[in-house]
Amino acid sequence: MANEEHENKAVDISSLIERQVSTKIKYLQELNQAVEAHQDRKIYQLLDNRRYAKEIEHREQQPNDQGVMSLVDDLADQLSNYLSVKLIKYLGQAYPFFYYGEYQTGHYRIYFGNWWDRREFGELDVLNVRFSFDQDEYNKLRQSFELARKNKRYNSDQIEKISSQNDHLQDLIDHQEAREKKRQQVEDQLEEINSRSGIFESSKNKENRQELVDQLQKLEDEEQEARTANKTIRENEKLVLALSKENTILSYEQKSITDVFGSFEDFELANRNLYANYLASLEGKNTEEKQVSDDEQ
């Protein structure tokens, strides 16, 4: 009886294995056929059927069969490289201000603009049809749009603060002679008070002495600051130049987005809908390609 149960169980397991192997073979065959026929839309469906069903077919779907889809995990870079051709061509029209550089097979950095000092803006996730933006750079751009509504630029406050510091330092340099005269006057007054002080010094004298001591300390602090003022001013000027360049680049980026999308909000909306919009465009292309093939026959 035990042997018969074991044999029956083995038969059941054998059938299960056959079904699973058949499913895997069918999946790989469908993927291979889609690659051979350059049917990128079908490839995306096979790579993530659940997302495809939700965003393209607008229906809920059972979870992806990871046991089947994991069969091509080791081909992710190659599939990304293959699928990038049509995707980057599409993005060249939909996002004409983005440029891409493949730094290793199937991995692409995003660059904003083709101007000097353009920024590296993140990476293009080809298999998931989405942008993986550098959050620091993206937040700068977002804030620059918010500040533009107040007629301000991203680095305006910082530049104003640095410029004010430079004005202060330059004033210290320009008034060095006057500061020396003031120091001499204070020291003379302090010496006079000290010469009048006795054992029973009045509170008024003490207050005057402390005020003069405080004035001397303030003059010494200013003199100390003035000694390094020229160096600090030069460093600040370099920083202001860098911040001004960044403002200029951000203004280029803002204009690029506004020219194409109208607003930053519409740009973000387009990013969220990129997968659906791109695959919808592939449907039209596949239909056109099939029609051309039929006509040629």
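Calculation criteria
Residues numbered from 1 in each chain as written. Predicted model: local features only at pLDDT ≥ 70, side-chain atom pairs only at ≥ 80, totals over all residues. Heavy atoms only, no water. Helix = DSSP H or I, 4+ residues; strand = E, 2+ residues; numbered from the N terminus. Buried < 20%, exposed > 50% of the residue type's maximum accessible area, 1.4 Å probe, protein only. Areas by Shrake-Rupley, 256 points an atom, 1.4 Å probe, with all protein chains shown as cover. Expected span 1.5 Å × (residues − 1). Contact = heavy atoms within 4.5 Å. Polar contact = N/O pair within 3.5 Å; in protein donor to acceptor, adjacent residues only side chain to side chain. Pairing = 2+ DSSP bridges. Bend = angle between axes of the 7 residues up to and from the residue. Phe/Tyr/Trp six-rings, centres within 6.5 Å; stacked < 30°, edge-to-face > 60°. Lys NZ or Arg CZ within 6 Å of the ring centre and 35° of its normal.

**Points about the overall build of the protein**
In step 1: Along the protein, the regular secondary structure elements total 12 helices and four strands.
In step 2: Across the 297 residues that make up the protein, the buried fraction comes to 32%.
In step 3: Split by element, the accessible area of the protein, about 19200 Å² in all, is 47% carbon and sulfur.

**Description of helix α6 (residues 135-148)**
In step 1: Taking 1.5 Å as the rise per residue, α6 with 14 residues should run 20 Å; its terminal C-alpha atoms sit 20 Å apart, in good agreement.
In step 2: For α6, every residue scored as buried is listed here: Glu 137, Tyr 138, Leu 141, Ser 144, Phe 145 and Leu 147.
In step 3: In this fold, the buried residues of α6 make contact with β2 (107-112), β3 (119-125), β4 (130-133), α10 (229-261) and α11 (264-272).
In step 4: Its side-chain oxygen placed 3.0 Å from the backbone nitrogen of Asp 136, Asp 134 serves as the N-cap of α6.

**As for the environment of Leu 124**
In step 1: Residue position: Leu 124 is located in strand β3.
In step 2: For the pair Leu 124 and Ile 88, spaced 36 residues apart in sequence, the C-alpha to C-alpha distance is 9.3 Å.
In step 3: Not counting residues up to four positions away in its chain, the partners in contact with Leu 124 are Leu 87, Ile 88, Leu 91, Tyr 100, Tyr 108, Ile 110, Arg 130 and Phe 131.

**Here's the deal with the side chain of Asn 271**
In step 1: The residue Asn 271 is located in helix α11 in this model.
In step 2: When its relative accessible area of 16% is taken as the criterion, Asn 271 is described as buried.
In step 3: In this structure Asn 271 touches Tyr 95, Phe 131, Phe 133 and Tyr 138, once residues within four positions along its chain are discounted.

**Some remarks on the pairing of strand β1 (residues 98-104)**
In step 1: In terms of strand pairing, β1 meets β2 through six bridges, oriented antiparallel. Bridging from a neighbouring strand, Gln 104 pairs with His 107 of β2.
In step 2: The turn linking β1 back onto β2 is made up of two residues, and Gly 106 within it adopts a positive phi angle of 80°.

**Focus on helix α5 (residues 76-94)**
In step 1: With 19 residues, α5 should reach 27 Å at 1.5 Å per residue; the first-to-last C-alpha distance of 25 Å fits that figure.
In step 2: In the structure, α5 departs most strongly from a straight axis at Ser 84, where the bend amounts to approximately 45°.

**Focus on the packing of aromatic side chains**
Two measures describe an aromatic ring pair: the distance that separates the ring centres and the angle between the ring planes.
In step 1: Inspection of every chain in the model, using the stated rule, returns 30 aromatic pairs.
In step 2: Note on Phe 264 and Phe 267: the rings are 5.7 Å apart at their centroids and 45° apart in plane angle, and the pair reads as tilted. Here Phe 264 and its partner Phe 267 are both found in helix α11, three residues apart, which amounts to about one turn of the helix.
In step 3: By relative accessible area, Phe 267 is classed as buried at 0%.
In step 4: Looking at Arg 51, its charged tip hangs above the ring of Tyr 275, at a distance of 3.8 Å from the centre.

**Some thoughts on the pairing of β2**
In step 1: The two faces of β2 differ: Tyr 108, Ile 110 and Phe 112 on one face are buried, but His 107, Arg 109 and Tyr 111 on the other face are not.
In step 2: The sheet contact formed by β2 and β3 spans five bridges and is antiparallel. Bridged to Tyr 108 within β3 is Leu 124.
In step 3: Between β2 and β3, which pair antiparallel one after the other, the connecting turn spans six residues, and Gly 113 there sits at a positive phi close to 90°.

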